[in-house]
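Next come the chains, spelled out residue by residue.
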Amino acid sequence: MVHKRLAFIRTFGCQMNERDTETIRGLLQQEGYGFTDHPEDADLILYNTCCVRENPERKVYGQVGQLQELKAKKPELIIGICGCMPQQQEELPILLERLPHVDLFFGTHNIHRLPELLHRIYATGERVVEILDDGGEPVEGLPALRNNDFKAFVTIMHGCNNFCSYCIVPYVRGRERSRTPEAILEEIRSLADRGVKEVTLLGQNVNSYGKDLKLDVDFADLLELINEVPGIRRIRFTTSHPKDISDKLIRQLGRLEKVCEHLHLPVQAGSNNVLKAMNRRYTREYYLEIVEKVRQEVPGISLTTDIMVGFPGESDADFADTLSLVEKAKFDSAFTFIYSPRKGTPATEMPDQVPEEVKKERIYQLIELQNKVSLELNQALVGTQVEVLVEGVSKSDSQMLTGKTRTAKTVVFPGNQGLIGELVKVKITEAQTWSVVGELI
Ligand code: 5AD
Ligand code: SF4
């Protein structure tokens, strides 16, 4: 019997990276690879990396560093690092030097080249490094081995033009490049044919979808087109930049029945001084105005956000503005981050970097407040009936299923595993901070 080569892939970072890993898996499957969850069984170990903050980077150095032993025992093992870390000009030389046992480096723009790069390693036995500076046109027609049968990520655009002063993404993911509506619709139609019910449209800033195309289609129009695809029951999207949310889009959110009542709208900070230094190009007042408009147009919509503490120059008064914005906006939940300096971004050079202890104290306060708000909002749901897409079995109790409401809340309820992938009706009976408990109706 021919031994099937096995790959182990570890993914860090955002949904865009998770989606890239699905393409990598598709490409490897075409090359005859199988997959394993155990690095020691693998012939190929690949780390798809993130560089948005320092922590995941440190983990890559730690975990890949430890693979040196495995490589010594099994010299034919191929170890690769791809994604955002090697794509960073400043980081690549450090990776090359600190991880001498890594055989393969490629970036975010040349995932489709993986089979060719692997063949080069098989043929020469030498280290292969290929990083492209420019994304070029989105590459279409790549295979994907998806993680899930009933929900799927669909990338609608690559890159970002915003250059928020703390953010490394525009440097590693390049400028905005939209996929054509035809390519997106074709992908979604074929997902629907395979039974996918929910799609999440991905882009660093989906609200500027289409601006780079010579077509008269914006994000609101794209939603309308996707809303027509038979079989698709739910449409989600992420991430939206507050400065680019149009009235037209807000109207579409209320009008298109498949578009879920959930908006992820990163605010980052509640102080106008900090927002300006971050180059976010909106004010706190403008943000709150949008929140108001969205709530009017889409009653019951849930709102989630990203918030950062400890940006350079953030004073106690600035941080108090963030807390008061959190109270006013009433986010259903928030991803909270401690500012992490990134080489090559303007914020790294700014004066008045905030000491670590102050950052930590602020994030604790922020999380405490947000938890209080989240719990209050969840408590208001007790007694209501919601539609849930059943996603799986609860990790903590195998008798319980978990799923998501249209408003992106996690619901835990007793039920049969046969319901996984189905849309069911659930009555909410109990509220917790990060989820609600319910029972099937
Ligand atoms: N430090 C901390 N958080 C960051 N983010 C982006 N860059 C940084 C950074 N340098 C956060 C932002 C963004 C989310 C994806 O990650 O809040 O919205
Ligand atoms: Fe980074 Fe800002 Fe672009 Fe988001 S919008 S990816 S935070 S530069």
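A quick note: this is a predicted structure, and the numbers were derived from the prediction, not measured. (Residues numbered from 1 in each chain as written. Chains lettered and ligands numbered in written order. Predicted model: local features only at pLDDT ≥ 70, side-chain atom pairs only at ≥ 80, totals over all residues. Heavy atoms only, no water.)

Turning our eyes to something else, we now look at the sheet that holds strand 6 (residues 128-130). The strand order 2-1-3-4-5-6 describes an open sheet built from six strands, whose pairing is parallel. Here the strands that pair on one side only, and so sit at the sheet edges, are strand 2 (34-35) and strand 6. Relative to strand 2, strand 1 (residues 6-11) runs parallel, the two being bridged by two bridges. Opposite Leu-6, over in strand 2, you have Gly-34 as the bridge partner. Taken strand by strand, helix 2 (residues 54-66) contacts strand 1, strand 3 (44-49) and strand 4 (78-83), and its axis lies near 170° from that of strand 3. Strand contacts of helix 6 (residues 114-124): strand 3, strand 4, strand 5 (104-106) and strand 6, with the helix running at about 155° to strand 5, the strand carrying the most contacts. (Pairing = 2+ DSSP bridges. Helix = DSSP H or I, 4+ residues; strand = E, 2+ residues; numbered from the N terminus. Contact = heavy atoms within 4.5 Å. Axes fitted to C-alpha atoms, helices over the stretch in contact; angles between N-to-C directions.)

Attention now goes to the packing of helix 13 (residues 316-329) against helix 14 (residues 356-379). Two numbers describe how helix 13 lies on helix 14: the axes approach to 10 Å, and their chain directions differ by 15°. Between helix 13 and helix 14, the angle is such that the two are roughly parallel. The element helix 13 and its partner helix 14 pack so that their crossing is right-handed. Along the contact surface, helix 13 presents Asp-316, Phe-319, Thr-322, Leu-323, Val-326 and Glu-327, while helix 14 presents Arg-362, Gln-365, Leu-366, Leu-369, Gln-370, Lys-372 and Val-373. A breakdown of the residues in the contact of helix 13 with helix 14 according to their chemical character gives six nonpolar, three polar and four charged. (Parallel < 35°, antiparallel > 145°, perpendicular 65-115°, else oblique. Left-handed = near helix turned anticlockwise from the far one by under 90°. Nonpolar A, V, L, I, M, F, W, Y, C, P; charged D, E, K, R; others polar.)

All right, on to the pattern of salt bridges then. Inspection of every chain in the model, using the stated rule, returns 29 salt bridges. Among the ionic pairs, Arg-146 bridges to Glu-22, the shortest N-O distance being 3.9 Å. Taken together, the residues span a long stretch of sequence, with Arg-146 in the loop between strand 6 and strand 7 (151-155) and Glu-22 in helix 1 (residues 15-30) at a distance of 124 residues. A single burial state applies to Arg-146 and to Glu-22, both of which are buried. (Salt bridge = Lys/Arg side-chain N within 4 Å of Asp/Glu carboxyl O. Buried < 20%, exposed > 50% of the residue type's maximum accessible area, 1.4 Å probe, protein only.)

Looking now at the domain arrangement of the protein. For the protein, the assigned domains are domain 1 (6-130), domain 2 (148-260), domain 3 (266-380) and domain 4 (385-440). For domain 1 and domain 3, the distance between their C-alpha centres works out to 34 Å. Taken together, the contact between domain 1 and domain 3 spans eight residues of the former and six residues of the latter. Of all residues in domain 1, Arg-53, Glu-54 and Glu-90 give up the largest surface area on contact with domain 3, accounting jointly for 62% of the area buried on that side. Our count for the contact surface shared by domain 1 and domain 3 stands at two salt bridges. In this structure, Arg-342 engages Glu-57 in a salt bridge whose closest nitrogen and oxygen atoms are separated by 3.3 Å. Joining domain 1 to domain 3, the criterion identifies four residue pairs in polar contact (both at pLDDT 80 or more). In terms of residue class, the side of domain 1 that touches domain 3 is built from three nonpolar, no polar and five charged. (Domains from an automatic or database assignment. Buried area = accessible area lost by both parts, 1.4 Å probe. Polar contact = N/O pair within 3.5 Å; in protein donor to acceptor, adjacent residues only side chain to side chain.)

Compared with the 34 Å implied by 1.5 Å per residue over 24 residues, the 34 Å span of helix 14 between its first and last C-alpha is a close match. Within the span of helix 14, buried status applies to Lys-359, Arg-362, Ile-363, Leu-366, Leu-369, Gln-370, Val-373, Ser-374 and Asn-378. (Expected span 1.5 Å × (residues − 1).)

Turning our eyes to something else, we now look at the environment of Asp-332. Tracing the backbone through its elements, the reader meets Asp-332 in the loop between helix 13 and strand 14 (333-338). Given a relative accessible area of 12%, Asp-332 falls into the buried group. A C-alpha to C-alpha distance of 6.6 Å links Asp-332 and Leu-377, two positions 45 residues apart in sequence. Asp-332 has contacts with Ile-301, Ser-302, Leu-303, Thr-304, Gln-370, Ser-374, Leu-377 and Lys-409, leaving out every residue within four places of it along the chain. Polar side-chain contacts of Asp-332 include one of 2.7 Å to the side chain of Lys-409.

On to the packing of helix 9 (residues 219-227) against helix 10 (residues 247-255), then. Where helix 9 contacts helix 10, the two axes come as close as 9 Å, and the packing angle between them is 20°. With respect to each other, helix 9 and helix 10 are oriented roughly parallel. Of the two elements, helix 9 crosses helix 10, and the hand of that crossing is left-handed. Here Phe-219, Ala-220, Asp-221, Leu-223 and Glu-224 of helix 9 come into contact with helix 10, specifically with Lys-248, Leu-249, Gln-252, Leu-253 and Arg-255. When its residues are assigned to classes, the contact of helix 9 with helix 10 shows five nonpolar, one polar and four charged.

This part is about the layout of surface pockets. Gaps left between atoms show up when a probe the size of a water molecule is rolled over them. Size it by volume and the second largest pocket reaches roughly 680 Å³. Arg-19, Thr-23, Val-139, Leu-142 and His-158 are, among the 30 residues lining the second largest pocket, the residues nearest its centre. Counting residues per element, the ones that place at least two in the lining of the second largest pocket are helix 1 and helix 8 (181-193). If you tally residues by element for the lining of the second largest pocket, the top one is helix 8, at five residues. Residue contributions to the lining of the second largest pocket reach at least three from each of two domains, namely domain 1 (6-130) and domain 2 (148-260). (1 Å grid on protein atoms, 1.4 Å probe; cavity = no way out; pocket = protein on both sides within 12 Å on 5 of 7 lines; lining within 4 Å. Points joined across faces, edges and corners; volume = space filled by probe spheres on them.)

Time to look at the site of ligand 1. Every residue near ligand 1 is listed here: Val-52, Arg-53, Tyr-166, Gln-268, Asp-306, Met-308, Phe-337, Ile-338, Tyr-339, Ser-340 and Arg-342. Asp-306 is positioned with one of its side-chain polar atoms (N or O) 2.6 Å from an oxygen atom of ligand 1. Residue Ser-340 places a main-chain N or O atom 2.8 Å away from a nitrogen atom belonging to ligand 1. Coverage of ligand 1 by the protein chains reaches 85% of its 400 Å² of free accessible surface. (Near = heavy atom within 4 Å. Areas by Shrake-Rupley, 256 points an atom, 1.4 Å probe, with all protein chains shown as cover.)

Here we take up the site of ligand 2. In the vicinity of ligand 2, the contacting residues are Cys-160, Asn-162, Phe-163, Cys-164, Tyr-166, Cys-167, Val-169, Pro-170, Gln-204, His-241 and Arg-280. Broken down by class, the residue content of the shell around ligand 2 amounts to seven nonpolar, three polar and one charged.

The subject of this paragraph is the sheet that holds strand 13 (residues 302-309). Read across the open sheet, the three strands follow the order 12-13-14; overall the sheet is parallel. In this open sheet, the two strands that pair with only one neighbour each are strand 12 (262-264) and strand 14. Neighbour-to-neighbour, the strand axes of the sheet open up by a mean angle of 15°, direction not taken into account. As judged from the three bridges shared by strand 12 and strand 13, these two strands associate in the parallel manner. Bridged to Leu-263 within strand 13 is Leu-303.

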